[in-house]
Amino acid sequence: MIAEIGLAALWLAAALAALQLIAGSLSLTGKAESLTGTVRPVAIVQGALALLAFAALIALFARTDLSVKLVAMNSHSAKPLIFKIAAAWGNHEGSMLLWVTVMGLAGAFVAQFERRLPEKTMLATLAGQAFVSLGFYAFLLISSNPFERLNPPAGEGNGLNPLLQDIGLAFHPPTLYLGYVGLSVAFSFAIGALLTRQVGPAFAKAMRPWVLGAWIFLTLGITAGSYWAYYELGWGGWWFWDPVENASLMPWLAATALLHSVSVLASRDALRIWTVMLGVVAFSMSMVGTFLVRSGILTSVHAFAVDPERGSFILVLLAIYIGGALTLFGLRAATVSEGKQFALVSREGALVFNNVMLTAILGIVLFGTLYPLVTEVFDTKVSVGPPYFNPVGAVFFVPMVLILMVGPLLRWRKDSFARIAKVLILPVILMLGAVAVVLGIAEYRGIDGALPFVGIVLAAGLAIASLLPLRERNLLRTPLTTWGMVLAHLGVAVALFGMAVESAYKVEKLVAARVGETTSVGPWKVELRGIEPVPGPNWTAIEADLLASYKGGATSAVKPQSRSFWTPPQMTTESALLTRWNGQLYAVIGDEAQDGRWQLRLWWKPFVTLIWFGGIMIALGGLLSLIGRVAADIRRGVARGRIADRHESRAQ
Amino acid sequence: MSTQGEGRQKISPMAVWLPLFLFGVFFALVIYGLASPASRDVESAMIGKPLPEFALRPAIADRPGLSSSDLSIGEPRLLNIFASWCIPCAIEAPQLETLNAQGIEVVGIAIRDRPDDVAAFLARNGNPFSRIGADDVSAVQLGIGSSGVPETFVIDGNGIILYQHIGVIRREDLPLIMDKLAEAAR
C-alpha cells in the first residue's frame with residue numbers, strides 16, 4: 001500500500017510539474033492571464049507531493065518491504081536501521097527520487113518566498129524549474145520506477161555495497177545532490193532572466209542565496225568524499241583525479257566562479273552576461289558529472305551501478321536543457337548590455353581575473369576527464385592522471401592565489417596597486433621567509449617535485465593576506481558576509497597548506513612484519529603485537545593489533561582491519577588512523593605472506609588533516625555569508641512590509 | 001579584458017555562440033563513446049605471444065610442478081593463477097571443476113603460498129588441477145602479464161597465450177572460456 005501511495009504521489013507531482021510549465025509559459029505570452037495565479041500554488045503542492053513520495057520510499061526501506069524490487073535489490077533485513085534508511089538513496093532510482101524531491105521543495109520555497117523579481121521573470125523561472133523537474137520525473141516514471149513490486153516477494157534482500165556501508169557515505173550523495181539542485185535553481189533564475197531580459201541586480205540578489213547554498217553543500221560534499229576515499233579505499237591518497245571526483249569538482253569550480261560574479265552583479269551591476277553564462281554552465285557541469293558517473297562511459301575506482309541505457313536518458317535530458325539554454329543564451333546574450341564598466345585594477349577586475357582562472361581550471365579538468373574518450377576515437381587507450389592535472393592546473397592556480405591575496409583589498413570600480421602596496425608587505429615577507437625555509441630543507445626534485453613547495457609558500461602568503469580585509473575594522477561591526485569571505489579564503493590557505501605539506505613530506509613504508517617486530521615510519525615506531533579475527537554484524541575481519549609511539553613518547557593502539565562481507569561477498573580494507581595536531585599515522589593491513597609475516601602499509605602524513613579542516617572552513621565561510629545575506633534580506637523584507645502597510649493605512 | 005572601455009559595450013555576436021559550440025563538441029564525443037563501447041579491461045601485452053620459459057616446483061605433494069614445456073605439447077590448457085589466501089579464488093572453484101569435468105585439462109600456479117595451505121584449500125574447494133607450480137615471488141605471474149589473483153589464461157598447444165580472464169570466472173563466463181578453448185584446439 002505504501003508503495004502505491006508513493007507511486008501515485010509521484011505521478012501527481014509529475015502532472016503538476018507539467019501544469020506549472022504550461023501555465024508559466026502561457027502567462028508569459030500574455031494570452032492566459034487567468035493562469036498566472038496558479039503557478040505559485042502549483043509549485044508548492046508539487047514539492048509537497050514529491051516529499052510524500054520520498055517519505056514513502058524511506059518507510060519501505062525502514063520496514064525492509066521485500067515485495068518492492070528496489071528494497072530487495074539494495075537492502076537486507078540484517079542491516080542496521082540507519083543503513084537501511086541510507087540504502088533508500090544509495091541506489092540509482094532512490095537517488096533520482098531524492099533529486100526531484102529536493103528540487104520540488106526548492107521550487108516550492110522559491111514560489112512561496114521570492115517576491116523581489118518582476119512577476120513575469122518569476123513565472124519564467126518557475127516554468128524553467130518545472131521544465132527541468134519534468135525531465136527527471138519522466139526519467140523516474142518511464143525507466144526507473146522506485147516503487148516497482150516484486151511478485152513473489154524476495155526471501156531476503158541483496159544487501160548494500162559494503163564499501164558504502166559507512167555513516168559518512170550515507171550522507172555524502174545527498175549533500176552533493178543538495179548542491180546540484182541549488183545550481184538547478186540558479187539555472188532556472190538564469191533562464192527566467194534571459195527570457196524576460198531582466199538581467200540585473202535584482203535577479204542576482206534572488207539567485208545569490210541559492211548559489212551560495214549550493215556551493216556550501218558542494219564544498220562539504222567534496223571534502224567528505226575526499227576524506228572517505230582517503231580512509232576507506234586504503235590507498236593513502238586524498239585525491240586521485242578519478243572521473244567521479246572530477247565530476248564533483250567541475251560543478252564546484254563553476255559554482256565558485258558563479259558565486260563571485262553574482263556578487264559583483266548584485267552590488268555593482270556589472271558582469272551581467274558572464275553571470276548568466278556561469279549560471280547555465282554550473283548546472284550543466286552537475287548534469288555532465290551525473291552523466292559521466294552514471295553512464296559508465298569512463299572507468300572509475302568508485303563502485304557505481306552503471307547502466308548505458310540510463311546514461312543515454314540523462315544525455316537526452318542534457319541535450320534538451322543545456323543545448324536549449326545555450327541556444328537561448330546565444331539568441332539573447334547579444335541583446336543584454338554588459339552593465340557597469342570598471343578599471344582593470346579594481347575589485348571587479350580581480351574577480352574577473354580569478355573567474356577566468358577558475359573557468360580555465362574547469363576547462364582543464366573537463367578536458368583531462370574526457371581525454372580518454374577523445375583518444376578512443378583514434379583507437380588508443382590512455383589514462384590521464386596527476387602528471388597532467390597537477391602541473392597544468394597549477395599554471396592557472398598559482399596566479400589565481402596571488403590575485404586572491406590582493407583582490408579583497410582593492411576598491412570597487414577603480415583602484416591602484418600603490419595604495420595597497422604597504423599592506424601587502426606582511427604577506428610578501430612571510431612568503432619570502434617560507435621560500436627560505438623550503439629551500440633550506442628540500443632537495444630539488446624537478447618541476448613536479450617543486451609544486452608542493454610552491455604550494456607551501458602560497459599558503460603562507462594567503463593565510464596572512466586573507467586576514468587583511470579585517471584590519472582597521474571594528475570587528476564587532478564587521479558584516480557577517482565579510483567574516484564569511486575572510487574565513488573561506490583562510491580555509492583555502494589552510495587546505496592548500498595541508499595538501500602541499502602532505503605531498504612534500506609524507507613518509508611511506510611497506511613492510512612484511514612478524515608478530516613482535518617493530519618498524520619505524522617517519523617519527524613513529526610501530527610494533528605489530530598480534531593478528532586477531534574480529535566478528536562484525538555482517539562481516540568478519542582480520543585485525544592487526546599495532547602499538548604506535550611518536551618520537552618515543554606514550555604509546556597508542558592502532559587497529560587496521562581487512563574485512564570480508566558476505567552479502568554480497570566482498571573484501572574491504574579498514575585503514576586505522578592515529579591523529580595528532582601535526583598529522584596522521586595511517587595504517588593498512590594487507591595479505592599474509594607465506595612465512596607468517598603480514599604485509600603492513602604505514603604512512604606518516606604531516607598536516608594532512610588540514611586539507612579537510614580547510615574544506616570545512618571554506619564551507620563555514622559560505623554559511624556565514626549566507627546567514628548574513630538572508631538576515632539582511634529578511635530585515636529589508638520586513639521594512640518594506642512596514643512601508644507598504646503605512647501606505648495602505650494612509651490610503652484608507 | 002573586454003570590460004574596459006567606454007560606454008555600455010555589447011558582447012561580440014560570435015562569442016555568445018561559443019558555449020553552444022563547445023557543448024556540441026562534447027555531445028558528439030560522448031555519442032561516439034556510447035555508440036562504440038570499447039572493452040576497458042587492461043589486457044596482457046602477452047596475448048598472442050609464447051609463454052616465457054619457467055619451471056616451478058610442485059606446490060603440493062600429490063601433484064607435479066609446472067614448467068613452460070608442459071604447456072606446449074599439442075593440447076590446449078587452461079592455466080589458473082590462484083592462492084589459498086585469496087577468497088574470490090574459492091568462489092570460482094566450482095566453475096573450474098565444471099570445466100575439468102568436461103575433459104579440459106586445468107593447470108595451476110599458486111602464488112606466494114605454503115604447501116599445507118594449498119592442500120587445505122584444495123581439500124575444501126576441490127582440486128581440478130593436474131599440475132600445480134609454486135610461484136613464491138610472483139616472478140612467473142608477472143612474466144605472463146598477470147597482476148592479481150584469480151586470473152586464468154587459455155594457452156594453445158604451442159604454448160601461445162590466447163586469452164586472459166581477469167578476476168573470478170563466474171558461471172556466465174563459462175561459454176566464453178569454452179569458446180576460447182575450442183579456438184585454441186583448432
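Remember, it's a predicted structure, so these values are computed and weren't measured experimentally.

(A) Layout of the overall build of chain B. Per the secondary structure count, chain B includes five helices and seven strands. When the elements of chain B are put in sequence order from the N terminus, they spell out α-β-β-β-α-β-α-β-α-β-β-α. Considering chain B as a whole, with its 186 residues, one finds that 43% of them fall into the buried category. Within chain B, counting contacts between residues at least 6 apart in sequence, those at least 24 apart form 72% of the total. Carbon together with sulfur atoms contributes 58% to the accessible area of chain B, which is approximately 9300 Å² in total.

(B) Inspection of the pattern of salt bridges at higher detail. All names here are of chain A. Evaluated as defined, the whole model comprises 19 salt bridges over all chains. We note a salt bridge from D415 to R419, for which the minimum N-O separation is 2.9 Å. A relative accessible area of 33% means that R419 is categorised as partly exposed.

(C) Just the packing of aromatic side chains, in detail. Residues and elements named next belong to chain A. Going through the model one piece at a time under the given rule, you end up with 31 aromatic pairs over all chains. Seen in terms of ring centroids, F187 and F283 are 4.8 Å apart; in terms of plane orientation they differ by 45 degrees. Their pairing is tilted. Of this pair, F187 sits in helix 8 (residues 172-196) while F283 sits in helix 11 (residues 272-295), and the two are 96 residues apart along the sequence. Exposure class is identical for F187 and F283. Each is buried.

(D) Quick look at the confidence of the model for chain A. Averaged over all residues, the pLDDT of chain A equals 85, while 93% of them reach at least 70. Confidence, expressed as mean pLDDT per element, reaches its minimum in chain A at helix 7 (residues 167-170) of chain A with 70 and its maximum at helix 2 (residues 39-62) of chain A with 94.

(E) Looking closely at the sheet that holds strand 8 (residues 576-580) of chain A. All names here are of chain A. Strand order in the open sheet formed by four strands is 1-10-9-8, and the pairing between neighbours is antiparallel. With partners counted over all chains shown, the strands left at the sheet margins are strand 1 (507-513) and strand 8, one partner each. Here the average twist between neighbouring strands, direction ignored, is 15 degrees. Summarising the sheet, strand 9 (residues 583-592) and strand 10 (residues 598-606) pair through eight bridges and their orientation is antiparallel. Opposite I589, over in strand 10, you have L600 as the bridge partner. Contacts between helix 18 (residues 480-505) and the sheet are confined to strand 1 and strand 10, with strand 10 contributing the most and set at about 130 degrees to the helix.

(F) Structural detail: the environment of A:I611. All names here are of chain A. Among the structural elements, I611 can be located in helix 19 (residues 609-651). Residues I611 and V494 lie 117 residues apart in sequence; the distance between their C-alpha atoms is 6.9 Å. When residues no more than four places from it in sequence are discounted, the contact partners of I611 are W238, A495, G498 and M499.

(G) Examining the side chain of A:S263 more closely. Within the secondary structure layout, A:S263 lies in helix 10 (residues 243-268). In terms of polar contacts, A:S263 uses its side chain to reach the backbone carbonyl oxygen of A:L259, at 3.2 Å.

(H) Structural context of the pairing of strand 4 (residues 106-111) of chain B. Residue and element names in this part refer to chain B. Within strand 4, six of the six residues are buried, which leaves the element mostly enclosed by the surrounding structure. Burial of strand 4 is two-sided: the residues V106, G108 and A110 facing one way and the residues V107, I109 and I111 facing the other way are all buried. In this sheet, strand 4 lies alongside strand 3 (residues 77-82) in parallel orientation, the contact comprising five bridges. Across the sheet, I81 pairs through a bridge with I109, a residue of strand 4. Viewed along the sheet, the connection from strand 3 through helix 2 (residues 87-101) into strand 4 turns out right-handed. Where strand 4 lies against strand 5 (residues 129-135), six bridges are found, and the strand directions are parallel. In the strand pairing of strand 5, I111 is matched with D135. For the segment spanning strand 4, helix 3 (residues 115-125) and strand 5, crossover handedness is right-handed.

(I) Main features of the confidence of the model for chain B. All names here are of chain B. Across chain B, the average pLDDT comes to 81, with 89% of residues at or above 70. Across residues 1-8, confidence stays below pLDDT 50; counting only partners more than four residues off in sequence or on other chains, it has 18 contacts. For this predicted complex, the interface confidence score (ipTM) comes to 0.79, while the overall pTM stands at 0.80.

(J) View of the environment of A:L318. The residue A:L318 is located in helix 12 (residues 308-333) in this model. Between the C-alpha atom of A:L318 and that of A:G135, which follows or precedes it by 183 residues, the distance is 9.7 Å. Sequence-distant contacts of A:L318, defined by excluding residues within four places in its chain, comprise A:S284, A:M287, A:V288, A:G323, B:F23 and B:F26.

(K) Geometry of the packing of helix 5 (residues 92-113) of chain A against helix 8 of chain A. All names here are of chain A. At a minimum axis separation of 9 Å, helix 5 and helix 8 run at an interaxial angle of 45 degrees. Here helix 8 runs oblique to helix 5, going by the angle between their axes. Crossing hand, helix 5 versus helix 8: right-handed. Packed against helix 5, whose contacting residues are S95, L98, W99, V102, M103, A106 and V110, the element helix 8 presents P174, Y177, L178, Y180, V181, S184, V185 and F189 at the interface. Residue composition of the contact of helix 5 with helix 8, by class: 13 nonpolar, two polar and no charged.

Criteria and thresholds
Residues numbered from 1 in each chain as written. Chains lettered and ligands numbered in written order. Predicted model: local features only at pLDDT ≥ 70, side-chain atom pairs only at ≥ 80, totals over all residues. Heavy atoms only, no water. Helix = DSSP H or I, 4+ residues; strand = E, 2+ residues; numbered from the N terminus. Buried < 20%, exposed > 50% of the residue type's maximum accessible area, 1.4 Å probe, protein only. Contact = heavy atoms within 4.5 Å. Areas by Shrake-Rupley, 256 points an atom, 1.4 Å probe, with all protein chains shown as cover. Salt bridge = Lys/Arg side-chain N within 4 Å of Asp/Glu carboxyl O. Phe/Tyr/Trp six-rings, centres within 6.5 Å; stacked < 30°, edge-to-face > 60°. pLDDT = per-residue confidence, 0-100. Pairing = 2+ DSSP bridges. Axes fitted to C-alpha atoms, helices over the stretch in contact; angles between N-to-C directions. Polar contact = N/O pair within 3.5 Å; in protein donor to acceptor, adjacent residues only side chain to side chain. Right-handed = clockwise from strand over helix to strand, strands pointing away. Parallel < 35°, antiparallel > 145°, perpendicular 65-115°, else oblique. Left-handed = near helix turned anticlockwise from the far one by under 90°. Nonpolar A, V, L, I, M, F, W, Y, C, P; charged D, E, K, R; others polar.

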